[in-house]
Protein chains: 2
Amino acid sequence: MISVVILGAGNVASHLFRAFNASSSITVKQWYNRSSENMKRFAGTVPTTTDLSQLVEADLYILAVSDRSIKPLSEKLPFTDRLIAHTSGSMSIHELVKKNERAVFYPLQTFSTDADVDFKNVPICAEVLNKEHLNTLRAIAKAIESPFYRISTDQRQTLHLAAVFANNFVNQLYRVAHEICESKHIEFEILKPLIDETAHKLKDMSPYMAQTGPAKRNDKVTIKKHLKLLQNKNHKELYKLLTASIQKTHG
Amino acid sequence: MISVVILGAGNVASHLFRAFNASSSITVKQWYNRSSENMKRFAGTVPTTTDLSQLVEADLYILAVSDRSIKPLSEKLPFTDRLIAHTSGSMSIHELVKKNERAVFYPLQTFSTDADVDFKNVPICAEVLNKEHLNTLRAIAKAIESPFYRISTDQRQTLHLAAVFANNFVNQLYRVAHEICESKHIEFEILKPLIDETAHKLKDMSPYMAQTGPAKRNDKVTIKKHLKLLQNKNHKELYKLLTASIQKTHG
C-alpha cells in the first residue's frame, strides 16, 4: 500500500484524487488546499486540511498546483527529506526547493472539471533526481493503470510543447471549422465523424502517411477557391501557413 | 431495390462499391472505369466495363472521379435524362453537362485505400437541381446507414473548406507534434491518448468551451518558453499565429 498526500484542489488534483481513491493499492491519507472550498464535495471520503503544519506523513506528496505556486508551496512544507512531486509539464524539477526529495509526476492529458477520466488514457511522464524514487512513481502509475514513461526535463518540456500543438492548436482549428460552418448556417455536427476519423487514423499510420487534401496534392485550383471563400483575415493566414507547412513536409 | 452504376475506381468509388454491395436494398448493376486495373480485385462480384457505350440502365450513375474528370466524363455519357451525381466537395453541380438530370452525392469523410469504412460515420451531403431526385439519394444514404443532409452549393463548398481545417490542417499539426517529439527522441505514442481525448471532447462540448492551455489563459511565461524551444521556423510561425487566433477567440 502506497500512501499519498495531495496538495492543491484544481482539475488535476481532483482527477488524481478520484483515481487514487478508486485504487486498492493507494491510500490518500490527506488532502490539503489553501481554502476548503474545492475539497468540500469530497468531504467524508478523505481527511482534508487547510493548514500545512497539520500535514501527516506519507510516501509521496503530490503538489498538483499552478506553475507559479510550486516554488512557494514547496518552500512552506514543514518537513524535509520526504518525496515530493509536482505535476507540471513545463516547470523544472528544481522549482521544488531541495530540502525534500524531488520528482515530477506529469499526467499528459487534458482534464475538464466534470468529465470522468480513465487513467488508462493518461500517460504519466516521470522525472526524478534520485533513481531510487522511480519505483514509487511507477507503482502509483501502475495502481491507476496509467502508461508510465521516465523522461528527462528537456523531453518533458518538449512534450508539453508538442501537446500544445496536438491539443490546444488542434482544438482551435476545430473552432475555426465551427466558425466557418456557422457563417453559412451549416451544422458543425456534420464534421464530427471526420474529426473522429482524423484522430482515429493515427492508430494505424503516421500523420505523414495519413495526409490527404488539396495542399498535399498541390491542387492550386481548390486552394485558390478556398482562399477566395475565406473572409476572416486570421482564417486566411492560417490557411496559407498550414498549406505551406503541408507542402514543406510533402514537397 | 435501387440500381446504381459506379464510374471511377479511386478510393471513394471503391468504398461506395463495398457499401452498396453490402446493402440489401441497392444493386450495383455495373462498374465502369477507363482502365480495368483498379476494378480487378472486385472481379466476380460485379459486371465491369471500360467502354462507356456498354453502360446499362440504372436509377443512378455515380461519377466518383477526380474533380477535373467530372465534366469530360459527363459529356461522354451516351445517354440523356438519367440521374447522374458527382461526389466532389468543391465542384459545382453544373460541372455535369445538362443533358442528364444532375445531382451531387458528397460523402464527407477521409478515405484511405485499405481501411474499412463504416458508412454510419460518413455524412452524405446531397444537392439536386430537381427536388424529385432527393428521394433517390436519401434512399441510397439510408441503405448504407449514412446520415443524410441536403445542402446548397455554397454550403457544400464551405463544408469542404471547413473539412480542410478539421482534417488536413489538424493532421498537419499532428505531424508537427510528431516532428517536435522526434527531435528529442520522444515516442509520439505518448501523445496519442491526448489526441484522442481532444477529438472525443467535442461529443459533449463546443471547441470554444473545450479550449485550455497557455494561449487561452495568456500565460506569457510559458508562451515565451515554448517559442524559445522551437527551432523550426515554420513551427514557430504556426505557434505564433495559432496562439494569436486562440487569443482573438477568447480575448
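Structure first, text after, so check above.
Residues numbered from 1 in each chain as written. Chains lettered and ligands numbered in written order. Predicted model: local features only at pLDDT ≥ 70, side-chain atom pairs only at ≥ 80, totals over all residues. Heavy atoms only, no water.

1. Re the interface of chain B and chain A
Here is step 1 of the chain: Taken together, the contact between chain B and chain A spans 84 residues of the former and 83 residues of the latter.
Here is step 2 of the chain: Taken together, both faces of the contact between chain B and chain A bury some 8200 Å²; the carbon and sulfur share is 67%.
Here is step 3 of the chain: In this assembly, chain B and chain A are joined by 4 salt bridges.
Here is step 4 of the chain: Between aspartate 196 of chain A and lysine 203 of chain B there is a salt bridge; the shortest N-O distance is 3.2 Å.
Here is step 5 of the chain: Joining chain B to chain A, the criterion identifies 33 residue pairs in polar contact (both at pLDDT 80 or more).
Here is step 6 of the chain: Of all the secondary-structure elements, those providing two or more residues to the side of chain B that touches chain A are helix H4 (153-183), helix H5 (192-200), helix H6 (207-210), helix H7 (220-229) and helix H8 (233-250) of chain B.
Here is step 7 of the chain: Across the side of chain B that touches chain A, the residue classes tally to 41 nonpolar, 28 polar and 15 charged. (Contact = heavy atoms within 4.5 Å. Buried area = accessible area lost by both parts, 1.4 Å probe. Salt bridge = Lys/Arg side-chain N within 4 Å of Asp/Glu carboxyl O. Polar contact = N/O pair within 3.5 Å; in protein donor to acceptor, adjacent residues only side chain to side chain. Helix = DSSP H or I, 4+ residues; strand = E, 2+ residues; numbered from the N terminus. Nonpolar A, V, L, I, M, F, W, Y, C, P; charged D, E, K, R; others polar.)

2. Here we look at the relation of the copies chain B and chain A
Here is step 1 of the chain: Overlaying chain B on chain A yields an RMSD of 0.0 Å, the required transformation being a rotation through 180° with an accompanying axial translation of 0.0 Å. One copy is carried onto the other by what is essentially a two-fold rotation axis. Across chain B, the rotation axis passes nearest the C-alpha of valine 170 of chain B, at a separation of 2.7 Å.
Here is step 2 of the chain: The overlap is high: 99% of the interface residues of chain B also sit at the interface in chain A, so the same surface is used on both sides. (Least-squares fit on C-alpha atoms with pLDDT ≥ 70 in both.)

3. As for the sheet that holds strand S1 (residues 2-7) of chain A
Residue and element names in this part refer to chain A.
Here is step 1 of the chain: Pairing in this open sheet of 8 strands is mixed, and the strands run S3-S2-S1-S4-S5-S6-S7-S8 from one edge to the other. Here the strands that pair on one side only, and so sit at the sheet edges, are strand S3 (48-49) and strand S8 (148-150).
Here is step 2 of the chain: For strand S2 (residues 26-32) and S3, the ladder comprises 2 bridges, and the chain directions are parallel. Residue pairing for S3: tryptophan 31 is matched across the bridge by threonine 48.
Here is step 3 of the chain: Running at roughly 150° to S2, helix H1 (residues 11-22) makes contact with S1, S2, strand S4 (60-63) and strand S6 (101-107) of the sheet. (Pairing = 2+ DSSP bridges. Axes fitted to C-alpha atoms, helices over the stretch in contact; angles between N-to-C directions.)

4. Some thoughts on the pattern of salt bridges
Residues and elements named next belong to chain A.
Here is step 1 of the chain: Tallied over the full model, the rule gives 18 salt bridges over all chains.
Here is step 2 of the chain: Residues glutamate 189 and lysine 192 are paired through a salt bridge, measuring 3.4 Å at the closest nitrogen-oxygen approach.
Here is step 3 of the chain: The class of glutamate 189 is partly exposed, set by a relative accessible area of 42%.
Here is step 4 of the chain: In this structure, the salt-bridge partner of lysine 233 is glutamate 237, at a minimum N-O distance of 3.7 Å. Here the residue lysine 233 and the residue glutamate 237 both occupy positions in helix H8 (residues 233-250), the gap between them amounting to 4 residues, near one helical turn.
Here is step 5 of the chain: For lysine 233, a relative accessible area of 64% puts it in the exposed group. (Buried < 20%, exposed > 50% of the residue type's maximum accessible area, 1.4 Å probe, protein only.)

5. Looking at the sheet that holds strand S7 (residues 124-128) of chain B
Residue and element names in this part refer to chain B.
Here is step 1 of the chain: Spatially, 8 strands are ordered S3-S2-S1-S4-S5-S6-S7-S8 in an open sheet, and the strand pairing comes out mixed. What marks the edges here is a single partner per strand, and that holds for strand S3 (48-49) and strand S8 (148-150).
Here is step 2 of the chain: Pairing of strand S5 (residues 83-86) with strand S6 (residues 101-107) involves 4 bridges; the strand directions are parallel. Looking at S6, one finds that isoleucine 84 is bridged to arginine 102.
Here is step 3 of the chain: The sheet contacts of helix H2 (residues 67-76) involve strand S1 (2-7), strand S2 (26-32), strand S4 (60-63) and S5, and relative to S4 the element is tilted by about 145°.

6. Concerning the nonpolar core
Here is step 1 of the chain: Counting 77 residues, the largest nonpolar core has Phe165 and Leu191 of chain A together with Phe165 and Leu191 of chain B as the members making the most contacts within it.
Here is step 2 of the chain: The contacts of leucine 191 of chain B, once residues within four sequence positions are left out, are Leu108, Leu159, Ala162, Ala163 and Ala166 of chain A together with Ala177 and Cys181 of chain B. (Core = buried A, V, L, I, M, F, W, Y, C linked by side-chain atoms within 4.5 Å.)

7. Overview of the environment of aspartate 67 of chain A
Here is step 1 of the chain: Note on placement: aspartate 67 of chain A falls in the loop between S4 and helix H2 (70-76).
Here is step 2 of the chain: C-alpha of aspartate 67 of chain A to C-alpha of alanine 103 of chain A: the two residues are 36 residues apart in sequence and 15 Å apart in space.
Here is step 3 of the chain: Filtering out sequence-adjacent residues up to four positions away, aspartate 67 of chain A remains in contact with Ser88, Ser90, Met91 and Glu95 of chain A together with Thr222 of chain B.
Here is step 4 of the chain: Of note is the side chain of aspartate 67 of chain A, whose polar atom sits 3.1 Å from the side chain of serine 90 of chain A.

8. Observations regarding the pairing of S1 of chain A
All names here are of chain A.
Here is step 1 of the chain: Where burial is concerned, most of S1 is hidden: 6 out of the 6 residues are buried.
Here is step 2 of the chain: What you see with S1 is no split at all: Ile2, Val4 and Ile6 on one side and Ser3, Val5 and Leu7 on the other are buried throughout.
Here is step 3 of the chain: Relative to S2, S1 runs parallel, the two sharing 6 bridges. Looking at S2, one finds that isoleucine 2 is bridged to isoleucine 26.
Here is step 4 of the chain: The parallel pair S1 and S2, bridged by H1, forms a crossover whose chirality is right-handed.
Here is step 5 of the chain: Bridging between S1 and S4 involves 4 bridges; their strand directions are parallel. Looking at the pairing, valine 5 lines up with tyrosine 61 of S4. (Right-handed = clockwise from strand over helix to strand, strands pointing away.)

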